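# Observations on the three-dimensional arrangement
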Amino acid sequence: MNDVKSGAQPGPPGRSIRGLAGTPRWVKVFVVVAATVLLMMVVAMLITGGEHGPGRHLSAASIYERTAASTAATDTDLGGVC
Amino acid sequence: MQMPPRIRKAALALHICSSVGWIGAAFAYLAVAVAAQVSQQASTVYSAWMAMELIGWAVIVPLGCLAFLTGLLMSLGTSWGLIRHYWVLIAFVLTTLALGVLLLHMPTVTQTAELARTMSEADAVTLGGDIVHPAVGIGILVVVTVLNIYKPRGQTGLTQHNRAGQAR
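Report on the accompanying structure. (Residues numbered from 1 in each chain as written. Chains lettered and ligands numbered in written order. Predicted model: local features only at pLDDT ≥ 70, side-chain atom pairs only at ≥ 80, totals over all residues. Heavy atoms only, no water.)

## Some remarks on a nonpolar patch on the surface
On the surface, a cluster of nonpolar side chains totalling about 480 Å² of accessible area is made up of Val29, Val33, Val37 and Met41 of chain A together with Val132 and Val136 of chain B. Only helix H1 (25-47) of chain A together with helix H5 (132-150) of chain B provide two or more residues apiece to the nonpolar patch. Per element, the largest residue contribution to the nonpolar patch is four residues, and it comes from H1 of chain A. Mapped onto the secondary structure, Val136 of chain B falls in helix H5. Val136 of chain B gets classed as partly exposed once you look at its relative accessible area, which sits at 31%. (Patch = residues over 30% accessible without salt bridge, like charges linked within 9 Å, V, L, I, M, F, W, Y side chains within 5 Å. Areas by Shrake-Rupley, 256 points an atom, 1.4 Å probe, with all protein chains shown as cover. Salt bridge = Lys/Arg side-chain N within 4 Å of Asp/Glu carboxyl O. Helix = DSSP H or I, 4+ residues; strand = E, 2+ residues; numbered from the N terminus. Buried < 20%, exposed > 50% of the residue type's maximum accessible area, 1.4 Å probe, protein only.)

In structure tokens form, the structure reads like this:
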């Protein structure tokens with residue numbers, strides 16, 4: 001989509017070397033919005049327990065059932081030693 | 001390094017097709033994910049996860065990689081450069097982020113689809129969908145598309161060729 005021919009750069013001339021003060025306003029706004037969104041996503045992930053894998057698609061009930069079934073099978077295999 | 005006009009146009013066509021295709025495929029993935037989220041039928045949830053896995057690996061990942069590579073080619077092979085203009089740099093960072101998260105997330109989709117195959121009907125319904133990832137991904141891709149269309153002004157000052165680039 002970087003069409004040079006049809007999209008002549010409208011940038012102001014003579015501003016090749018600049019510090020942060022010379023950064024366009026839209027870039028500053030963009031960075032602030034992006035940082036805010038990122039922060040909100042991190043907070044949301046922490047609030048929901050930070051679960052980030054296939055496990056988050058399992059309800060607590062089904063996880064419990066699976067764990068219980070697995071434990072029962074292990075106990076049977078070991079003859080109730082544990 | 002400047003690309004010849006014919007090659008540049010071919011690369012641009014490929015870049016637009018793959019980028020727009022990526023967004024379209026992400027919307028299709030989102031629709032299936034919503035179906036998995038709202039459905040109370042195990043067969044629908046199971047089918048949705050199979051479809052998400054298929055759309056992800058067979059369509060979204062190839063299109064995402066193609067869009068990334070052609071975008072890189074278009075920036076490095078034209079006077080825009082990769083780090084010369086803010087909009088190109090931001091678009092590149094966002095595309096890399098979207099592709100990275102996609103490639104890291106797809107194995108999880110495969111795992112969940114495998115899980116759906118082996119689950120009982122009652123458990124399969126509790127799987128839900130995968131809405132956040134495609135929704136955030138679409139948001140990022142739309143931002144990148146808008147940047148590509150509007151090409152907002154501003155140079156980073158990170159290259160020695162800025163003045164030459166502006167003169168072109």
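After presenting the structure, the write-up continues.
## Structural notes on the nonpolar core
Residues and elements named next belong to chain B. Counting residues in each nonpolar core, the largest one holds 41 residues, and the members touching the most others are Trp22, Trp49, Met52, Ile60, Leu102 and Leu127. For this core, the secondary-structure elements that each account for two or more residues are helix H1 (5-38), helix H2 (42-76), helix H3 (86-118) and H5. If you tally residues by element for this core, the top one is H3, at 14 residues. For Met52, the contacting residues outside a window of four places in its chain are Tyr29, Val32, Ala33, Ala36, Met106, Val109 and Asp130. (Core = buried A, V, L, I, M, F, W, Y, C linked by side-chain atoms within 4.5 Å. Contact = heavy atoms within 4.5 Å.)

## Digging into H2 of chain B
If you check H2 of chain B, its first and last C-alpha atoms are 49 Å apart, about what 35 residues at 1.5 Å a residue would give, namely 51 Å. Most pronounced at Gly56 of chain B, the bend in H2 of chain B amounts to some 40°. (Expected span 1.5 Å × (residues − 1). Bend = angle between axes of the 7 residues up to and from the residue.)

## Some thoughts on the pattern of salt bridges
All names here are of chain B. Enumeration according to the criterion identifies two salt bridges over all chains in this entry. Linking Arg117 and Glu53 is a salt bridge whose minimum nitrogen-to-oxygen distance equals 3.3 Å. Here Arg117, found in helix H3, pairs with Glu53, found in helix H2; they are 64 residues apart in sequence, far enough to count as distant. Assessed through its relative accessible area of 37%, Arg117 is described here as partly exposed.

## Points about the packing of aromatic side chains
Residues and elements named next belong to chain B. Following the criterion strictly, the structure yields two aromatic pairs over all chains and no others. Taking 5.7 Å as the distance between ring centres and 25° as the angle between the ring planes, the aromatic pair formed by Phe68 and Phe92 counts as stacked. Within this pair, whereas Phe68 is found in helix H2, its partner Phe92 is found in helix H3, the two being separated by 24 residues in sequence. Under the relative-accessibility criterion, Phe68 is labelled buried at 18%. A relative accessible area of 25% means that Phe92 is categorised as partly exposed. (Phe/Tyr/Trp six-rings, centres within 6.5 Å; stacked < 30°, edge-to-face > 60°.)

## Observations concerning empty space enclosed by the protein
All names here are of chain B. The full count for this structure, using the stated rule, is one cavity of 30 Å³ or more. Within this model, the largest cavity holds a volume of roughly 250 Å³. If you go around the largest cavity, you meet 21 residues; those closest to its centre are His15, Ala91, Thr95, Val144 and Asn148. Elements with a minimum of two residues in the lining of the largest cavity: H1, H2, H3 and H5. Taken together, the residues of the lining of the largest cavity break down into 13 nonpolar, eight polar and no charged. (1 Å grid on protein atoms, 1.4 Å probe; cavity = no way out; pocket = protein on both sides within 12 Å on 5 of 7 lines; lining within 4 Å. Points joined across faces, edges and corners; volume = space filled by probe spheres on them. Nonpolar A, V, L, I, M, F, W, Y, C, P; charged D, E, K, R; others polar.)

## So, the side chain of Thr70 of chain B
Residues and elements named next belong to chain B. Mapped onto the elements of the fold, Thr70 is located in helix H2. Within the structure, Thr70 has its side chain in polar contact with the side chain of His15 (distance 2.9 Å). Discounting chain neighbours no more than four positions away, the residues touching Thr70 are Ala11, Leu14, His15 and Ser18. (Polar contact = N/O pair within 3.5 Å; in protein donor to acceptor, adjacent residues only side chain to side chain.)

In short, geometric facts, not functional conclusions.
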